[in-house]
Amino acid sequence: MLKFLINRDTWQEIYDSLSKNKFRTIITMIGVWWGILLLIGLLGSARGMENSFNRMFGDFATNSVFVWAQSTSKPFKGFQEGRRIQLKLHDAKIIEKEVNGIEFVVPRNRSNALVVRKFQSGNYGIYGDYPLLDKVQKKKMQYGRFINQNDIDDNRKIAVISEDIYKQLFEKDEDAIGQYIQLNNSNFKVVGVFEVGRMSGGPQGEIHIPFTTFQKVYNTGNNMGWMMITGKSEYSIKQIEKDAKLILKNLHKVHPNDKRAFGSFNLGKMFAKMTGFLTGMQFLTWFVGIATLIAGVFAIGNILLITVKERTKEIGIRRALGATPYEIKRQIVMEAITLTLIAGLLGIISGGLILMAIDAAFGQGADATLVNASVSIPVVFLALTILVILGTLIGLIPAHKATSIKPIDALREE
Amino acid sequence: MLEIKQLHKSYPIGKDKLHVLKGIDLSVQSGELVAIMGSSGSGKSTLLNIIGMLDELDEGTYTLDNVPIVNLNEKKAAQYRNKFLGFIFQSFNLINYKNAVENVALPLYYQGFKRKERMEKAMFHLKKVGLENWAHHLPNELSGGQKQRVAIARALAAEPKLLLADEPTGALDTKTSYEIMDFIQELNDEGKTILIVTHEEDIANMCKRIVRLKDGVIMEDKFVEQVRASQYV
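Residues numbered from 1 in each chain as written. Chains lettered and ligands numbered in written order. Predicted model: local features only at pLDDT ≥ 70, side-chain atom pairs only at ≥ 80, totals over all residues. Heavy atoms only, no water.

(A) Representation of the overall build of chain B. Secondary structure assignment for chain B yields 7 helices and 10 strands. Within chain B, the proportion of its 233 residues that are buried is 54%. In chain B, 69% of the contacts between residues at least 6 apart in sequence involve partners at least 24 apart. (Helix = DSSP H or I, 4+ residues; strand = E, 2+ residues; numbered from the N terminus. Buried < 20%, exposed > 50% of the residue type's maximum accessible area, 1.4 Å probe, protein only. Contact = heavy atoms within 4.5 Å.)

Shown next, in the form of structure tokens:
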């Protein structure tokens, strides 16, 4: 068989029979070409979408949940309903200690303030943060650094500002690091500028100052606004959310079934939904792509079948000249495989070109909808292998048909 | 060379059977030029197909070159055809997308010859039929007589023991027919054993022996004085 495959005559025969019947060959190949083109295009687009989602969530630890306090909806232990709950710093410590599978608990505070620099001013969100925030919600620093432990220990008056605030308060290309901005009438030194991801921030911009400084400036004492809880990847973030809330209810004397006392936003759940959506889309893509491929391969089989009918006489002549049924079958199957393979390769190439076009059209810039739309090489090989196998199987049908006719009947055919 | 004894063959037609050959006895020696004659439906083509292993016999025995031809599967039949037999058809049966020399080389391909050797042999046989200048023309660029000569070259290419011609001049005009017959006679002079099915008396008279079939039996089997075709060419 190997000798047969590397034999020039084999390919000469196949080339002859395919090239001397160009129209038939081209029509046949279009089906498979289209199928693999669709598969590559769809898979690449799905990948691009996935990449763009990943980029959107990239700044966040995806198995995390935000928890904040609201007011109670049920009377409990002598307290009336409607009581406002205030989270305390030590709540975070207790949760970190008591709940299974916790990676970080990051307390945060937030306020608004008028920020002034020279003649520019703006109202921005001021966040009191620990260095740990960087672990949970990755800050991509453009210049300088994020808050560190020394800032916390010394209650330093430093600020880390977002890119958009930098653009509003500073001149273009001005070095912001080491400059001062006025915040609640006290001066804060800018130590870092960070890029804004798509999910964080918002139009009003963010300024991060050390948590301890925040306590002093706003006189918040041991209060905290909310906390971000991250779970270890092997633990369910839903369970962590439940456990944390239960502990909080216990600490703050809230009815265990009170649903309103503590609010939360589970990023993990959101992310899982999104991932589910993506998985669904990928499945759909494969399904549609492979179905199209199969349709294409059937088109090949169909046309080969017609071809065999057309070529009955030729096959009869070949057999009269001493071709064994095996040789005839081999030739037809090889023709089918060659057709599918060439059409498949062309489909892969043109699919790749289309992905390049997609990348040029939608894949550039920060707001890109399809980031790096691509197909991995193993997937391409898998598709090609499937093609060749299907091509062989489908080639067997006309091949069998071709040899099931007696040579004498084949020769009589006009 | 060829030995047929009590050959019977019938074809099913609906529920009935059409008994085409009813006990044929035929023996052909090496170097003979035999015409098998008969009107249509006499069974002459069926006999040729059985001799050519394109069809199977129902009863009787068939021996070719001391090899009993029995229980042939398709593979064996193909190999025997390739080894023993060369076919010449009424409608030439050239492969229309292959040029003359490729057509001639085709049986050699199935014999497993290498490409170079194959082309050399094919050219040799093409030269023999006087068509070396047409080697790279497609069949539809050739005249009827030229096509039949390509077909003869193809039949010769495999160097068969027996040439079978089914109405070889049926699609040709008289002049071309005689040219072809002249060529066939030359081949026979060189010692080739040739069987020709025909219904034309003049063609049959150019053979050395005439076997007449009627309704599936041999009516007459006689040796004749060969008329040379060359005198008409």
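(B) Inspection of the overall build of chain A at higher detail. Looking only at helices and strands, chain A has 14 helices and 10 strands in total. When the 414 residues of chain A are sorted by exposure, 49% land in the buried category. When contacts within chain A are restricted to residue pairs at least 6 apart in sequence, those whose partners lie at least 24 apart make up 77%. Total accessible area on chain A stands at roughly 20400 Å², and carbon and sulfur atoms take up 60% of it. (Areas by Shrake-Rupley, 256 points an atom, 1.4 Å probe, with all protein chains shown as cover.)

(C) Just a nonpolar patch on the surface, in detail. Residues A:Leu42, A:Phe283, A:Leu284, A:Phe287 and A:Val288 make up a contiguous nonpolar surface patch of roughly 490 Å² in combined accessible area. The residue A:Leu284 is located in helix 10 (residues 267-310) in this model. (Patch = residues over 30% accessible without salt bridge, like charges linked within 9 Å, V, L, I, M, F, W, Y side chains within 5 Å. Salt bridge = Lys/Arg side-chain N within 4 Å of Asp/Glu carboxyl O.)

(D) Structural view of the interface of chain B and chain A. Taken together, the 27 residues of chain B in the interface contact 28 residues of chain A. Here chain B packs against chain A, burying approximately 2500 Å² in sum over the two surfaces, 55% of which is carbon and sulfur. Run the count over chain B and chain A and you get 3 salt bridges. Put simply, A:Asp16 and B:Lys98 hold a salt bridge, and the shortest N to O gap is 3.6 Å. Elements supplying a minimum of two residues to the side of chain B that touches chain A: helix 2 (74-84), helix 3 (100-111) and helix 4 (115-128) of chain B. Here the element with the most residues in the side of chain B that touches chain A is helix 2 of chain B; it accounts for 6 residues. (Buried area = accessible area lost by both parts, 1.4 Å probe.)

(E) Seen up close, the packing of helix 10 of chain A against helix 12 (residues 325-362) of chain A. Residues and elements named next belong to chain A. Taken N-terminus to C-terminus, the directions of helix 10 and helix 12 make an angle of 140°; their axes are 11 Å apart at the nearest point. In terms of orientation, helix 10 and helix 12 fall into the oblique class. Between helix 10 and helix 12 lies a crossing whose hand is right-handed. Each of Val297, Ile300, Leu304 and Val308 in helix 10 lies in contact with helix 12, whose residues at this interface are Ile332, Glu335, Ala336, Leu339 and Thr340. Broken down by class, the residue content of the contact of helix 10 with helix 12 amounts to 7 nonpolar, 1 polar and 1 charged. (Axes fitted to C-alpha atoms, helices over the stretch in contact; angles between N-to-C directions. Parallel < 35°, antiparallel > 145°, perpendicular 65-115°, else oblique. Left-handed = near helix turned anticlockwise from the far one by under 90°. Nonpolar A, V, L, I, M, F, W, Y, C, P; charged D, E, K, R; others polar.)

(F) Seen up close, the sheet that holds strand 8 (residues 193-198) of chain B. Residue and element names in this part refer to chain B. With mixed pairing, 6 strands are arranged side by side in an open sheet as 6-7-8-3-9-10. Strands at the two margins of the open sheet, each flanked by one partner only, are strand 6 (85-88) and strand 10 (217-223). Neighbour-to-neighbour, the strand axes of the sheet open up by a mean angle of 15°, direction not taken into account. Note: strand 9 (residues 209-214) against strand 10, 6 bridges, orientation antiparallel. Directly across from leucine 213, in strand 10, lies its bridge partner isoleucine 218. (Pairing = 2+ DSSP bridges.)

(G) Broad picture of the confidence of the model for chain B. Scored by pLDDT, chain B has a mean of 90; 100% of the residues are at 70 or more. Model confidence for the complex is summarised by a pTM of 0.66, with the ipTM given as 0.87. (pLDDT = per-residue confidence, 0-100.)

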